[in-house]
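Residue-level structure breakdown
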Amino acid sequence: MDLIVAPDKTATYAIVGTGGVLELGEHLTAVPVSQFTLKDGQIMLPNATRQSLEAMPRFVRASNE
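A short tour of the structure in this document, coming up.

The rules we used
Throughout, a residue's number is its position along its own chain's written sequence, starting from 1. In view of the model being predicted, local features appear only for residues whose pLDDT reaches at least 70, and side-chain atom pairs are presented and counted only at 80 or more, with totals across whole chains, interfaces and linings using the full set of residues. Only hydrogens and water are set aside; all other atoms, that is, all heavy atoms of the structure, feed into the side-chain values. What counts as a helix is a DSSP run of H or I of at least four residues, what counts as a strand is a run of E of at least two, and both are numbered from the N terminus. Here's how the labels work: a residue is buried when its accessible area is under 20% of the maximum for its type, exposed when over 50%, partly exposed in between, all with a 1.4 Å probe on protein chains only. We call two residues contacting when some pair of their heavy atoms lies within 4.5 Å. Accessibility throughout is a Shrake-Rupley quantity obtained with a 1.4 Å probe, and a residue counts as covered only by protein chains that appear here. When DSSP finds two or more bridges between two strands, those strands count as paired.

Helices and strands together make up the secondary structure of the protein, namely one helix and five strands. When burial is assessed residue by residue, the protein has 15% of its 65 residues classed as buried. Sequence separation of at least 24 residues holds for 34% of the intrachain contacts in the protein that already meet a minimum separation of 6. Accessible area of the protein: about 5,300 Å², with a carbon and sulfur share of 54%.

Structure below.
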């Protein structure tokens, strides 16, 4: 999981991947950090399913080229 950090150093979004094998065919989506919870030292995304994450808009990383 990657994080998008604002200029004030606050994490705003987490980039979550679903599906794919070895990052091939993986669907990346940006989920607001406020939707995550911490339970027993684990980061959780309550009520999220693979289908609900894949239905969200795809996140595409910018190229450095």
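Positive phi outside glycine occurs at Asp 40, with the angle close to 55°. Looking at where Asp 40 falls in the secondary structure, it is placed in the loop between strand S4 (37-39) and strand S5 (42-44). Despite not being glycine, Asn 47 has its phi angle at roughly 65°, a positive value. Take Asn 47: it is sitting in the loop between S5 and helix H1 (50-54). A residue is classified by how much of its surface remains accessible, and Asn 47, at 80% relative accessible area, is exposed.

The next subject is the pairing of strand S1 (residues 2-5). Put simply, side chains in a regular strand alternate between the two faces of the sheet. For S1 and strand S2 (residues 11-18), the ladder comprises four bridges, and the chain directions are antiparallel. Paired with Asp 2 across the two strands is Ile 15, which belongs to S2. Between S1 and S2, which pair antiparallel one after the other, the connecting turn spans five residues, and Lys 9 there sits at a positive phi close to 70°.

As for its placement among the helices and strands, Leu 53 is situated in helix H1. Along the backbone, Leu 53 and Val 16 are 37 residues apart, and their C-alpha atoms lie at a distance of 8.2 Å. Contact partners of Leu 53, with chain neighbours within four places excluded, come to Val 16, Thr 18, His 27, Thr 29, Val 31, Leu 45 and Ala 48.

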